[in-house]
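# Structural overview
This is what each chain is made of:
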Amino acid sequence: MSSTDSGYVSRYAQWLSTGDQDLNPLRNTPQFVDFLDRYFPNQGPRVLRPQSQLVKLVMSMHTSRLLTSFCDRRAQFWYRHTDEPIERGVADELMLEAPVTSLVADYVEHDRHWQTRMALLKEADEFCCRWGLGAVEDTFPTFQEDPQVLLAADDPGKLKRLSRNADGYFRDEVISVRSDTLDALLPIARQRAAELRDAEAEPSRCLDFWLEMSRRLRAGLGIPEEEHRGVAERRKRALAAMATRDAVSPMAGAVPSDPGD
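All of these numbers come straight from a predicted model, not from anything done at the bench. All residue numbers refer to positions counted from 1 along the written sequence of the respective chain. Per-residue local features of the predicted model are confined to residues with pLDDT of at least 70, and side-chain atom pairs are confined, for both listing and counting, to 80 or more; whole-chain, interface and lining totals are unaffected and use all residues. Think of the side-chain values as coming from all heavy atoms in the structure, minus any hydrogens and water.

### Quick word on the packing of aromatic side chains
Here a pair means two rings of Phe, Tyr or Trp (six-membered ring of Trp) with centres within 6.5 Å. Their orientation is stacked below 30 degrees between planes, edge-to-face above 60, and tilted elsewhere. Scanning all chains against the criterion turns up seven aromatic pairs. For the pair Phe32 and Phe35, a centre-to-centre distance of 5.5 Å together with 45° between the ring planes defines the contact as tilted. A residue pair is termed a helical-turn pair when its members lie 3 or 4 positions apart in one helix, as Phe32 and Phe35 do in helix α3 (residues 30–39) at three residues. Neither Phe32 nor Phe35 differs from the other in exposure class; each is buried. One aromatic cluster in this structure is built from Phe70, Phe77, Trp78, Phe127, Trp131, Phe209 and Trp210. Directly above the ring of Phe127 sits Arg74, whose terminal nitrogen or CZ lies 4.4 Å from the centroid. We count a stretch as a helix when DSSP gives it H or I for four or more residues in a row; a strand needs E for two or more, and each element gets its number in order from the N terminus. When accessible area is computed with a 1.4 Å probe and restricted to protein chains, residues below 20% of their type maximum are described as buried, those above 50% as exposed, and intermediate ones as partly exposed. Our definition puts a charge over a ring when NZ of Lys or CZ of Arg is within 6 Å of the ring centre and also within 35 degrees of the ring normal.

### A few points about the confidence of the model for the protein
Confidence per residue, as judged by the predictor, is encoded in pLDDT with a range of 0 to 100. Summarising the model, the protein shows a mean pLDDT of 80, and 77% of its residues fall at 70 or more. Summarising per-element confidence for the protein, the mean pLDDT is lowest in helix α12 (residues 228–248) (53) and highest in helix α5 (residues 88–109) (96). Predicted confidence for residues 248–261 stays below pLDDT 50, and this span has 29 contacts to residues more than four positions away or in other chains. Residue contacts follow a heavy-atom distance rule, with two residues in contact if any of their heavy atoms lie within 4.5 Å.

### Structural notes on the packing of α5 against helix α6 (residues 114–131)
Interaxial angle, 0 to 180 degrees, is taken between N-to-C directions of lines fitted to C-alpha atoms, where a helix line uses only the stretch in contact. The contact between α5 and α6 brings their axes to 10 Å, and the two run at 160°. Relative to α6, α5 is oriented roughly antiparallel. Every pair of crossing elements has a handedness; the one defined by α5 and α6 is left-handed. Seen from α5, the contacting residues are Gly89, Val90, Glu93, Leu96, Val100, Leu103, Val104, Asp106 and Tyr107; seen from α6, they are Thr116, Arg117, Ala119, Leu120, Glu123, Phe127, Arg130 and Trp131. Among the residues forming the contact of α5 with α6, the class breakdown is 10 nonpolar, two polar and five charged. In this scheme, roughly parallel covers angles under 35 degrees and roughly antiparallel covers those over 145, while 65 to 115 is roughly perpendicular and the rest are oblique. By definition, turning the near helix anticlockwise from the far helix through less than a right angle yields a left-handed crossing, and turning it clockwise yields a right-handed one. Amino acids outside the nonpolar list (Ala, Val, Leu, Ile, Met, Phe, Trp, Tyr, Cys, Pro) and the charged list (Asp, Glu, Lys, Arg) are all regarded as polar, and Gly is one of them.

### Things to note about the pattern of salt bridges
A carboxyl oxygen of Asp or Glu within 4 Å of a side-chain nitrogen of Lys or Arg is what we treat as a salt bridge. If you walk through the whole model with that rule in mind, you get 16 salt bridges. The salt bridge partner of Glu109 is Arg190, with a shortest N-O separation of 2.8 Å. Of this pair, Glu109 sits in helix α5 while Arg190 sits in helix α10 (residues 173–198); the two residues are 81 residues apart in sequence, bridging distant segments of the chain. Notably, a salt bridge pairs Glu195 with Arg192, separated by 3.7 Å at the nearest N-O pair. Here Glu195 and its partner Arg192 are both found in helix α10, three residues apart, which amounts to about one turn of the helix.

### Here's the deal with the environment of Asn165
Here Asn165 is to be found in the loop between α8 (156–164) and α9 (166–170). Overall, the relative accessible area of 47% leaves Asn165 in the partly exposed class. Sequence separation between Asn165 and Leu54 is 111 residues; the distance between their C-alpha atoms is 9.1 Å.

### Observations regarding the packing of α5 against α10
It is the contact of α5 with α10, at a shortest axis distance of 8 Å, that shows an interaxial angle of 160°. Relative to α10, the element α5 lies roughly antiparallel. Our pair here, α5 against α10, has a crossing hand that is left-handed. Here α5 contributes Glu97, Ala98, Thr101, Ser102, Ala105, Asp106, Val108 and Glu109 to the contact with α10, which in turn contributes Leu182, Leu185, Leu186, Ala189, Arg190, Arg192, Ala193, Leu196 and Arg197.

So, in structure tokens, the structure goes:
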């Protein structure tokens, strides 16, 4: 920590300071506190996240959402360039489909391994920079961002109760579904990588692959395509209601801070 490159820290500031669960054992050590104070001053209290079912729930959301976001960006790119003349830059991207697909297969198999996640983040950053696409969602989400929480929380009061008793509410079912989703994607990604080693990539086939990966991941996260907008709107209304109530009485409707914050 004492010799960390400042440019690296700047690039992954949010991920290092609040996002990576693998750093939890370090977060209550003097060395790590000094590291945070040096690189991220004035960020308020830093609480060690407990190793609970809630952390596992949010982690399952984090790894799935990161991959979903990357697949969405690849699909967005190939949608733009399907049925168009293949220019030099696009041809170069076609050459990268095989190694990128292999990287995704590795991520699906080892999503809890921090170096594998960092490899995907690096590839995602470079890809989005090359083609002017929005960055992937690489930071650790809060508990309240989880799709299953959003679908279950019809009102601010229920959201508050869920945040207090998440371990009792979510148990293993949601985490298991997301893990099973990733497991089911592994043979698909491996087969696609093998195909690309034996034949040239085509934009339309690339688009189909990334769309299918994204569709399956979204289903595993528990948000069908047609429900995305409705879930987002419910979340906005719930947060707006809590903000209004807190403005009248700051302590009345406050949602307790949770390990995902």
